Amino acid sequence: MAIIIDPVADMFVRIKNAISRKYHEVVLPHSNKKAKILEIIKREGYIVDFEVVKNEKTNFKEIKVTLKYKGMNQNQSAISGLKKVSKPGLKVYSSAEKLPRVLSGYGTAIISTSKGLLTDKEARKANVGGEVIAFIW
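Residues numbered from 1 in each chain as written. Predicted model: local features only at pLDDT ≥ 70, side-chain atom pairs only at ≥ 80, totals over all residues. Heavy atoms only, no water.

Now for the overall build of the protein. Across its full length, the protein carries 3 helices and 10 strands. Starting at the N terminus and ending at the C terminus, the protein contains elements arranged as α-β-α-β-β-β-β-β-β-β-β-α-β. Relative to the globule expectation of 14 Å for 137 residues, the C-alpha radius of gyration of the protein, 15 Å, shows essentially globular dimensions. By principal-axis analysis of the C-alpha atoms, the protein measures approximately 45 × 40 × 25 Å. Per-residue burial for the protein yields a buried fraction of 41% across its 137 residues. The contacts of the protein with a sequence gap of at least 6 include a subset with a gap of at least 24, amounting to 58%. Here the protein holds 25 positive side-chain charges and 13 negative ones, and the gap between their average locations is 4 Å. (Helix = DSSP H or I, 4+ residues; strand = E, 2+ residues; numbered from the N terminus. Rg over C-alpha atoms; globule rule 2.2 N^0.38 Å. Buried < 20%, exposed > 50% of the residue type's maximum accessible area, 1.4 Å probe, protein only. Contact = heavy atoms within 4.5 Å. Lys, Arg positive; Asp, Glu negative; His and termini not counted. Charge placed at Lys NZ, Arg CZ, Asp CG, Glu CD.)

Structure representation (structure tokens):
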């Protein structure tokens, strides 16, 4: 079993790979931070749902994510892109006034603030800055 240095980046890679293979579900190792990020992604309409399940073989918790597709044949993913901004070796912080806008407001930035994980719009409204975790569009 490999050691995962950046679990959130690993989650994004697994989601991207599942989308490229047109899978409707992807299973990820569980963490509370991943669950909070997925709550935001679900609330913003990029995935259908996710649930925390227990793997019977390993006895560990996992997250089962149901991906969202749109278009006439349901073949175009609702997620066009995912990008991890802060990395373990280089954290990116932003003040409330300088929070990034993803695709001129069409995308979503996920920010870790003192009030928890928020979207860029919620952080602007609450007038808080923090660590820029990821962009999704």
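It is worth spelling out the nonpolar core at this point. Counting 27 residues, the largest nonpolar core has Ile-15, Ile-37, Leu-38, Ile-41 and Val-65 as its most contacted members. When contributions to this core are tallied by element, the ones reaching two or more residues are helix H1 (7–20), strand E1 (25–29), helix H2 (32–43), strand E2 (47–54), strand E3 (61–67) and strand E10 (130–136). Ranked by residue count, the leading element in this core is H1, at 6 residues. Non-local contacts of Ile-37, meaning those with residues more than four positions away in its chain, are made with Val-8, Met-11, Phe-12, Ile-110, Leu-117 and Ile-133. Listed in part, the 10 residues of the second largest apolar core include Leu-99, Val-102, Ile-111 and Ala-123. (Core = buried A, V, L, I, M, F, W, Y, C linked by side-chain atoms within 4.5 Å.)

Before going further, it helps to spend a moment on the environment of Val-102. Tracing the chain through its elements places Val-102 in the loop between strand E7 (93–94) and strand E8 (108–113). Note: C-alpha distance between Val-102 and Lys-34 (68 residues apart in sequence) is 20 Å.

For the rest of this paragraph, the subject is the pairing of strand E9 (residues 116–119). Pairing geometry for E8 and E9, over 4 bridges, is antiparallel. From the neighbouring strand, Ile-110 faces E9, where its bridge partner is Thr-119. Once E8 ends, the chain turns through 2 residues before running back antiparallel as E9. (Pairing = 2+ DSSP bridges.)

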